[in-house]
Amino acid sequence: MIHYQATMRHDEKTFQALAHMQYDLFCKKNLIMRSLLSFAAMAAGIINFSQWWGVLLIVYGSYLTTSKYAQANHTAGKLVKGIKAAGLDFPVSRYLFRDNAMEIITMPENTALGDPLMYSDVLKLGEDGDYFYLFRDQFGGYMIPKEEMGEEVDDFRFFVEQKVGKTFQTQIAPVFKLIRRIDSQKRKSRQQ
């Protein structure tokens, strides 16, 4: 039985969004180290501002702070260049959310892309304003456009979280996370 289905049409921006979410979910240590290094460089630069290398440390610290997604953007850019250089179209996939797995169908061929992704094999879930992200590992994931879910966005989120056994990680205000958690608990109690 198909509970939900969605079609994802990739373009340059979606590859970049996927790379950003991948960085946010899997590179937390890198982000912490960048932040610490940035703070140390800027502090040392401010203390030694009268020296030429002090100014250089401030610039370097600022670069570390503002270039969070530099590597992710580079990776997405290489992928886009490769697709364009090969004269290929950006990929389009349809996702069918069944009872125990997500089936991935390539378009326009309309053929299954290997074995379905079992919900138990999903490593991490992410969410931003436009997409849900399901990562099978740190190297690859799938994007589901929220607009494809229409009025059922919250129901879809609850369905996936229940099947995967994890919650979507998102960067929204804590009060909204609390509201979602309460809503999720209400849905869970209605199911029982």
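Criteria and cut-off values
- Residues numbered from 1 in each chain as written.
- Predicted model: local features only at pLDDT ≥ 70, side-chain atom pairs only at ≥ 80, totals over all residues.
- Heavy atoms only, no water.
- Axes fitted to C-alpha atoms, helices over the stretch in contact; angles between N-to-C directions.
- Helix = DSSP H or I, 4+ residues; strand = E, 2+ residues; numbered from the N terminus.
- Parallel < 35°, antiparallel > 145°, perpendicular 65-115°, else oblique.
- Left-handed = near helix turned anticlockwise from the far one by under 90°.
- Contact = heavy atoms within 4.5 Å.
- Nonpolar A, V, L, I, M, F, W, Y, C, P; charged D, E, K, R; others polar.
- Buried < 20%, exposed > 50% of the residue type's maximum accessible area, 1.4 Å probe, protein only.
- Polar contact = N/O pair within 3.5 Å; in protein donor to acceptor, adjacent residues only side chain to side chain.
- Phe/Tyr/Trp six-rings, centres within 6.5 Å; stacked < 30°, edge-to-face > 60°.
- Lys NZ or Arg CZ within 6 Å of the ring centre and 35° of its normal.
- Pairing = 2+ DSSP bridges.
- Core = buried A, V, L, I, M, F, W, Y, C linked by side-chain atoms within 4.5 Å.

Asker: Before we move on, can you summarise the packing of helix α2 (residues 28-47) against helix α3 (residues 52-66) with the specific residues and values?
Answerer: Contact geometry of α2 with α3 gives a least axis separation of 7 Å together with a crossing angle of 155 degrees. With respect to their mutual orientation, α2 and α3 come out roughly antiparallel. Seen from above, α2 lies across α3 with left-handed handedness. Residue-level inspection shows Arg34, Leu37, Ser38, Ala41, Met42, Ala44, Gly45 and Ile46 of α2 in contact with α3, the latter providing Gly54, Leu57, Ile58, Tyr60, Gly61, Ser62, Tyr63, Leu64 and Thr65. Classifying every residue of the contact of α2 with α3 gives ten nonpolar, six polar and one charged.

Asker: Can you explain the side chain of Glu127? Please cite residues and give values.
Answerer: Mapped onto the secondary structure, Glu127 falls in strand β6 (residues 124-127). Under the relative-accessibility criterion, Glu127 is labelled buried at 2%. One polar contact links Glu127 to Lys146, side chain to side chain, over a distance of 2.6 Å.

Asker: Outline the packing of aromatic side chains, supporting the account with residue identities and numerical values.
Answerer: Centre-to-centre distance and the angle between the planes together describe a pair of aromatic rings. All told, the structure shown has twelve aromatic pairs when counted by the stated rule. Taking 5.3 Å as the distance between ring centres and 85 degrees as the angle between the ring planes, the aromatic pair formed by Tyr4 and Phe156 counts as edge-to-face. Of this pair, Tyr4 sits in strand β1 (residues 4-9) while Phe156 sits in helix α5 (residues 153-164), and the two are 152 residues apart along the sequence. Ring geometry for Phe26 against Phe135: centres 5.4 Å apart, planes inclined by 75 degrees, an arrangement best described as edge-to-face. With Phe26 in helix α1 (residues 12-26) and Phe135 in strand β7 (residues 131-137), the pair connects residues that are 109 residues apart, well separated along the chain. Taken together, the aromatic side chains of Tyr4, Phe97, Tyr119, Phe132, Phe156, Phe159 and Phe168 make up a single cluster linked through ring pairs. Note that Lys124 overlies the ring of Phe26, its terminal NZ or CZ placed 5.3 Å from the centroid. Across from the ring centre of Phe132, 5.2 Å away, lies the NZ or CZ of Lys146, which sits over that ring.

Asker: Please give an account of the sheet that holds strand β8 (residues 140-145) that cites residues and values.
Answerer: Sheets are built from strands paired through backbone hydrogen bonds, the pairs being either parallel or antiparallel. Taken in spatial order, the three strands make up an open sheet running β6-β7-β8, and their pairing is antiparallel. Lying at the two open borders of the sheet, with one neighbouring strand each, are β6 and β8. Taking the axes of each pair of neighbouring strands and ignoring which way they run, one obtains an average angle of 20 degrees across the sheet. Direction of pairing for β6 relative to β7: antiparallel, over a ladder of four bridges. Considered in β7, the bridge of Lys124 is made with Phe135. Contacts between α1 and the sheet are confined to β6, β7 and β8, with β7 contributing the most and set at about 60 degrees to the helix.

Asker: I'd love a proper account of the nonpolar core, names of residues and values included.
Answerer: Counting 30 residues, the largest nonpolar core has Phe97, Met102 and Ile144 as the members making the most contacts within it. Listing elements by their share of this core, those giving two or more residues are β1, α1, β2 (92-97), β3 (101-107), β7, β8 and α5. The residues touching Phe97, leaving out its near neighbours within four places in the chain, are Met1, Ile2, His3, Tyr4, Gln5, Met102, Tyr119, Leu134, Ile144, Phe156 and Phe159. In this structure, Ala19, Tyr23, Tyr69 and Val80 belong to the second largest nonpolar core, which totals eight residues.

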